[in-house]
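What follows is each chain in one-letter form.
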Amino acid sequence: MKFNTALSVAATILLNIAGSLCQLDVCGQAPLNNKIVGGEDATAGAWPWQVSIQSATFGGHFCGGSLINKDWVLSAAHCFQSPMSTIRIYLGRQSQSGFNLNEVSRTARTVINHPDYSDPTHDNDLALIQLSSSVTFSNYIRPVCLAATGSKYAAGSDSWVTGWGALQSGGGAPDILQEVMIPIVSSRDCSNAYGSLEITSNMICAGLLNQGGKDSCQGDSGGPLVNRNNSLWIQSGIVSFGIGCADPKYPGVYTRVSQYQNWITSTVGSNPPGFVEFNNNAFIHSPSLLLFSVSLTLSIIPFISSLYLSS
């Protein structure tokens, strides 16, 4: 009996570990991916983590976000500073009008803004939205991997931003999801561009500095900035703020996701997102969860053996 109980406990622990690790097996994969301001229409399924967040208060779509596991969406805190009617999250959507064959929608069970979000500076500009019920993954609905603590991005690294934001400052929004490739801008160059407006270590910048023409814009807020490593997509930033849209003097500013691995993990709880350390052209799985699972598994084996021998 003691041995059976030990096996049951061990099996439960191992299943929980497996459930956490399996997120790394599905995140950041976009099988149908063969690119906002200066961008182009995205094909269906190209960015399967992209969500449209809507509310009747704002007449429909007002912010973007990214699916990070079957129950949670990552977005920007500044999107949720005003009272609004029921939020609805659309996943698998390509067009804002007409029928989307691969789409599902959920309401928000809860919205959690980062406790240290600063409204004037947009520091710590991120929020987590718990879906009303879990979603089932498909080629059109999948979670993105998140940049782990210690990730590094060299200036000039290609990144992609997606959303249904305005096509120009003060302009109208597109019907089809937009995609655009923009380079990472160094923190020094970004700080110099913004002058007295502080660019903190919690921010990452991207855009065509001194050139302009490609950028995120109003309505893209909360959406993902991602970098590709081979076939894996890793979210490095969250659309936060900028001056104008595609202004050659000012790159876009994004919340640096890698700064928040601990907060995101502790807030989400079970089934944490897949965190991957990105370092230009090399990546490794975030080691903490992997090492923990291996060490715990090795410790369970002698524990079971000792109970069996003493029974």
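Since the model is a prediction, treat every value here as computed from it, not as a measurement. (Residues numbered from 1 in each chain as written. Predicted model: local features only at pLDDT ≥ 70, side-chain atom pairs only at ≥ 80, totals over all residues. Heavy atoms only, no water.)

**Q** Sorry if this is basic, but what is going on with the overall build of the protein chain here?
**A** If you tally the helices and strands in the protein chain, you get five helices and 16 strands. Burial analysis of the protein chain (311 residues in total) assigns 50% to the buried set. In the form shown here, the protein chain has an accessible surface area of approximately 13,600 Å², with 54% of it arising from carbon and sulfur atoms. (Helix = DSSP H or I, 4+ residues; strand = E, 2+ residues; numbered from the N terminus. Buried < 20%, exposed > 50% of the residue type's maximum accessible area, 1.4 Å probe, protein only. Areas by Shrake-Rupley, 256 points an atom, 1.4 Å probe, with all protein chains shown as cover.)

**Q** Even after reading the chapter, I still don't get the nonpolar core, so can you show me in this structure?
**A** One recurring pattern in soluble globular proteins: nonpolar side chains tend to sit buried together. Ranked by size, the top nonpolar core spans 42 residues in total, and within it Trp 47, Ile 68, Leu 74, Ile 89 and Ile 264 carry the most contacts. Counting only elements with at least two residues in this core, the list comes to strand E2 (50-55), strand E3 (60-67), strand E4 (72-75), strand E5 (88-91), strand E7 (127-131), strand E13 (232-241) and helix H4 (261-268). For Leu 74, the residues in contact, after removing those within four places along its chain, are Gly 65, Ser 66, Ile 68, Leu 126, Ala 127, Leu 128, Leu 146, Gly 222, Gln 235, Ile 238, Val 257 and Ile 264. In terms of nonpolar packing, the next biggest core, distinct from the first, is built from 18 residues, Cys 145, Ile 204, Val 239 and Tyr 254 among them. (Core = buried A, V, L, I, M, F, W, Y, C linked by side-chain atoms within 4.5 Å. Contact = heavy atoms within 4.5 Å.)

**Q** Please clarify how the packing of aromatic side chains should be interpreted in this entry.
**A** Given two aromatic rings, their pairing is described by the distance between the two centres and the angle made by the two planes. Tallied over the entire structure, the rule returns eight aromatic pairs. With 4.9 Å between their ring centres and 75° between their planes, Trp 47 and Trp 233 make a pair best called edge-to-face. One end of the pair, Trp 47, is in the loop between strand E1 (40-41) and E2; the other, Trp 233, is in strand E13, and 186 residues separate them in sequence. Accessibility expressed as a relative area gives 5% for Trp 47, which makes it buried. (Phe/Tyr/Trp six-rings, centres within 6.5 Å; stacked < 30°, edge-to-face > 60°.)

**Q** When you look at the sheet that holds E3 in this model, what are you seeing that I'm missing?
**A** Strands pair in a sheet through their backbones, by hydrogen bonds, and they do so in one of two ways: parallel or antiparallel. Pairing within the closed barrel is antiparallel, and its six strands lie in the order E2-E3-E4-E7-E6-E5. Ignoring strand direction, the axes of neighbouring strands in this sheet form an average angle of 40°. Against the sheet, H4 contacts E4, strand E6 (104-113) and E7, and its axis sits at roughly 25° relative to E7. (Pairing = 2+ DSSP bridges. Axes fitted to C-alpha atoms, helices over the stretch in contact; angles between N-to-C directions.)

**Q** Got a minute to help me understand the side chain of Gln 54 in this structure?
**A** Mapped onto the elements, Gln 54 comes out in strand E2. A relative accessible area of 14% places Gln 54 in the buried class. Here Gln 96 takes part through its side chain, which lies 2.9 Å from a polar atom of the side chain of Gln 54. Excluding residues within four positions of it along the chain, Gln 54 makes contact with Gly 60, His 61, Phe 62, Thr 86, Ile 87, Arg 88, Tyr 90, Arg 93 and Gln 96. (Polar contact = N/O pair within 3.5 Å; in protein donor to acceptor, adjacent residues only side chain to side chain.)

**Q** Is there a simple way to explain the pairing of E13 in this structure?
**A** Every regular strand shows the same layout, with side chains that alternate between the two sheet faces. In terms of residue burial, E13 counts as a mostly covered element, since ten of its ten residues are buried. Relative to E13, strand E8 (residues 145-147) runs parallel, the two being bridged by two bridges. Each residue of the ladder has a partner; that of Cys 145, found in E13, is Ile 234. The pairing of strand E12 (residues 224-229) with E13 spans six bridges and is classified as antiparallel. Paired with Leu 225 across the two strands is Gly 237, which belongs to E13. Between E12 and E13, which follow one another and run antiparallel, lie two residues, and Asn 230 among them has a positive phi close to 60°. Where E13 and strand E14 (residues 252-256) come together, four bridges link them in antiparallel fashion.

**Q** Would you mind showing me how to read the state of the cysteines here?
**A** A covalent bond bridging the sulfur atoms of two cysteines is what the word disulfide describes. Summed over all chains, the structure comprises three disulfides. Each disulfide pairs two cysteine sulfurs, and for Cys 27 the partner residue is Cys 145, the sulfurs being separated by 2.0 Å. Looking down the S-S bond of the Cys 27 and Cys 145 bridge, the torsion is 85°, so its handedness is right-handed. Like Cys 27, the residue Cys 145 is buried in the burial classification. (Disulfide = S-S within 2.5 Å.)

**Q** Would you mind showing me how to read the pairing of E5 here?
**A** The sheet contact formed by E2 and E5 spans four bridges and is antiparallel. Bridged to Gln 54 within E5 is Arg 88. As paired elements, E5 and E6 share four bridges and run antiparallel to each other. If you follow Arg 88 over to E6, its bridge partner there is Thr 107.

Limitation: the analysis is restricted to geometry and does not speak to function.
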